[in-house]
Amino acid sequence: MKHLPKHLRPRWRYLAVGIETWPDAALGRRAFQRALWYAAGNLLGDAGSADADLTLLSFSHGDGEGEAIVRARHGHVDDARAVIGCVSEVDDDPVGIRVRGISGTVRACEERYMGRAGGTSTQRDVAFEGAERSAVVRGDARDVRTGSGYVGAAAFDTE
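What counts and what doesn't
- Residues numbered from 1 in each chain as written.
- Predicted model: local features only at pLDDT ≥ 70, side-chain atom pairs only at ≥ 80, totals over all residues.
- Heavy atoms only, no water.
- Pairing = 2+ DSSP bridges.
- Helix = DSSP H or I, 4+ residues; strand = E, 2+ residues; numbered from the N terminus.
- Contact = heavy atoms within 4.5 Å.
- Axes fitted to C-alpha atoms, helices over the stretch in contact; angles between N-to-C directions.
- Domains from an automatic or database assignment.
- Buried area = accessible area lost by both parts, 1.4 Å probe.
- Salt bridge = Lys/Arg side-chain N within 4 Å of Asp/Glu carboxyl O.
- Nonpolar A, V, L, I, M, F, W, Y, C, P; charged D, E, K, R; others polar.

Participant: Explanation requested: the sheet that holds strand S4 (residues 89-90) in the structure shown.
Facilitator: Strand order in this open sheet of 5 strands is S2-S3-S1-S5-S4, and the pairing throughout is antiparallel. Taken across any chain shown, the strands that pair with only one partner, and hence form the sheet edges, are strand S2 (55-62) and S4. Pairing between strand S1 (residues 12-21) and strand S5 (residues 93-103): 8 bridges, direction antiparallel. In the strand pairing of S5, Val17 is matched with Val99. Sitting on the sheet, helix H1 (residues 29-52) is in contact with S1, S2, strand S3 (65-73), S4 and S5, with an inclination near 150° to S2.

Participant: Looking at this structure, I do not really get the domain arrangement of the chain. What am I missing?
Facilitator: Many authors give the size of an interface as the accessible area that is lost as the parts come together. Partitioning the chain into structural domains gives domain 1 (10-113) and domain 2 (121-158). Here the C-alpha centre of domain 2 lies 28 Å away from the C-alpha centre of domain 1. Each partner contributes to the interface: domain 1 provides 8 residues, whereas domain 2 provides 8 residues. Carbon and sulfur atoms supply 54% of the area buried between domain 1 and domain 2, which totals about 610 Å² over both sides. Here domain 1 is connected to domain 2 by 0 salt bridges. For the side of domain 1 that touches domain 2, the per-class residue count stands at 2 nonpolar, 2 polar and 4 charged.

Given below as structure tokens:
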């Protein structure tokens, strides 16, 4: 079977996505793709989500931070951004997702927007609510472990 000529092939845009979760959350590629498709179906309907054709090309997650590249059809970038904004949890773990940038090629997307997400994280003990608690520190953000899970805090909250 012959290939389509270049002017008849579908055009794509690639969205660089930053992902932030609690440090103990374990996100998987399949679960994130499923959450994208579910959000697209709810927001755009079956026909709209099929037109946008959101596909996860690359995915990495660890220590509460991650990044992904999401492919969308050329005319549906705004729909894709709205769908990504609607994803608030993956496998019952709350997530924060931010579109870092949009590019026309995967290579340009990786070079411009896919640096290491946020830097390194370290485990440290901090003073929080009058007690010494364990926390994961990433830049100015601190995820403090409490009895019921994690609490997000800034640097001045943990002195």
